[in-house]
Amino acid sequence: MRSKVVTIDRHIIDQERAHPAASGRFSALLYDIALAAKIISREVNMAGLIDILGATGDTNVQGERVQKLDAFAHEVIVKAMDHAGHLCCMASEECDDIIPIPERFEIGNYVLLFDPLDGSSNINVNVSIGTIFSVHQRVSPRGTPGTLADCLQPGLRQVAAGYVIYGSSTMMVYTTGVEGGVHGFTLDPSLGEFLLSHPAIRIPDPPARVYSVNEAYYARWGRGEQRLVDRFRGVNGEDGGGYKSRYIGSMVSDVHRTLLQGGIFMYPRDTRAPAGKLRILYEAAPLALVCAAAGGRASDGSRDILDIVPEGLHDRTPLFLGSAELVNLAERYLRER
Ligand code: AHG
Ligand code: MN
Ligand code: MN
């Protein structure tokens, strides 16, 4: 048995004590994200019952008709975060424009970017899904409404990032940057508390021989991507081999496994998605920071993901993320083409 039980709230407060200049706002912000995660988790766990409960005429807690789970998750996060005075604006994968803070609430100094429900095509088949979040400090003047410029910052400026995975357990994993490390908390549903279960996560070194990619798109990739995967498979004259393939199709789940076991997760560009599929602000950048803080790397094939300055809220990028050794290998293959 572990010698102490640490809740996520306690952990956030302890981490803040290590930074005496911190205002307390930042801790409160992370606490509110954890609260939103618990609400979404509860609803995700009920997902398979929606039809049954709907048939008996039941409605959800707010008395609203049951709606799509990703729209629900978006609403939960906005409502949990807009009124507490931490944020100057938000942006979500589910919304075209930035989300302002309503005038009646205090305006804060942070920006929250999020993918409310990642892997949503997996909901109906009871496979793990997640929520991804990214926090920046604002760049526009304090006390004024947040702007697009506050959202369009490179990933290396993130002050916190993380994800929640709704899997066989619900876990929240977050980092406050490379020096703060990456910490994982598992939700004890009977207590309603996230408890520290994975302190100071490091990607295993040497890495597990696991690659994770949607191989059905092989014919649409460039030569470099094809040769890289040939190498993992040990075919077409490439050495290597000895690799396993794992692909869930929920990025949060594939990245979570990559963090804990090592390996590489890839979503390359292809002829149907020439800029890649994954969004820089809501998916690639936050998970790149988590990965870097756990000793790994994330690249678009030639640049570090954390260096990319997005031009639009919904910009996409190719992504190669995981054990540094394998991400470096991917870059080498893509350079050679
Ligand atoms: P979302 O559900 O937020 O739209 O994201 C889905 C993403 C990501 O989770 C996953 O890695 C990828 O789409 C899967 O795409 P393919 O089905 O093309 O493999
Ligand atoms: Mn997503
Ligand atoms: Mn999504």
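Above: the structure in question.
Residues numbered from 1 in each chain as written. Chains lettered and ligands numbered in written order. Predicted model: local features only at pLDDT ≥ 70, side-chain atom pairs only at ≥ 80, totals over all residues. Heavy atoms only, no water.

A few points about the coordination of the manganese ion (ligand 3)
Glu-93 (OE), Asp-115 (OD) and Leu-117 (O) make up the full set of protein donors to the manganese ion (ligand 3), lying at 2.3 Å. Sequence spacing among the residues donating to the manganese ion (ligand 3) works out to E-x21-D-x1-L. Metal-to-metal, the separation of the manganese ion (ligand 3) and the manganese ion (ligand 2) is 3.7 Å; Asp-115 coordinates the two. No difference in accessibility class separates Asp-115 from Leu-117, as the two residues are buried. (Donors = N, O, S within 2.8 Å, 3.2 Å for Na, K, Ca; no water. Buried < 20%, exposed > 50% of the residue type's maximum accessible area, 1.4 Å probe, protein only.)

Section: the environment of Val-44
Secondary-structure assignment places Val-44 in helix α2 (residues 25-45). Residue classification places Val-44 among the buried residues on the basis of a relative accessible area of 13%. Sequence separation between Val-44 and Ala-73 is 29 residues, and the spatial gap between their C-alpha atoms is 9.2 Å. (Helix = DSSP H or I, 4+ residues; strand = E, 2+ residues; numbered from the N terminus.)

Thoughts on the coordination of the manganese ion (ligand 2)
Coordination of the manganese ion (ligand 2) by the protein is provided by Asp-115 (OD), Asp-118 (OD) and Glu-283 (OE), with metal-donor distances spanning 1.8 to 2.2 Å. When the donor residues of the manganese ion (ligand 2) are listed from N- to C-terminus, their spacing reads D-x2-D-x164-E. Asp-115 sits in the buried class, given a relative accessible area of 0%. With a relative accessible area of 5%, Asp-118 lands in the buried category.

Comments concerning the packing of aromatic side chains
Counting across every chain of the model gives 6 aromatic pairs. Both rings, one in Phe-26 and one in Tyr-110, keep their centres 5.6 Å apart while their planes meet at 40°; by these two values the pair is tilted. With Phe-26 in helix α2 and Tyr-110 in strand β3 (residues 110-118), this residue pair connects regions lying 84 residues apart in the sequence. With 4.7 Å between their ring centres and 50° between their planes, Phe-232 and Tyr-243 make a pair best called tilted. (Phe/Tyr/Trp six-rings, centres within 6.5 Å; stacked < 30°, edge-to-face > 60°.)

Considering the pairing of strand β4 (residues 129-137)
Most of β4 is tucked away, with 8 of its 9 residues classed as buried. As defined by bridge partners, β3 adjoins β4 across 7 bridges and the pair is classed as antiparallel. Along β4, the bridge assignment pairs Asp-115 with Ile-132. (Pairing = 2+ DSSP bridges.)

Focus on the pairing of strand β8 (residues 193-198)
One face of the sheet, then the other: side chains in a regular strand alternate in exactly this way. Taken together, the 5 bridges between strand β7 (residues 182-188) and β8 define a ladder with antiparallel strand orientation. Each bridged residue has a counterpart across the sheet, and for Leu-187 the counterpart in β8 is Phe-194. Count of turn residues in the β7/β8 antiparallel hairpin: 4 residues, of which Gly-192 carries a positive phi of about 70°.

Functional significance is not addressed by these values, which are geometric in nature.
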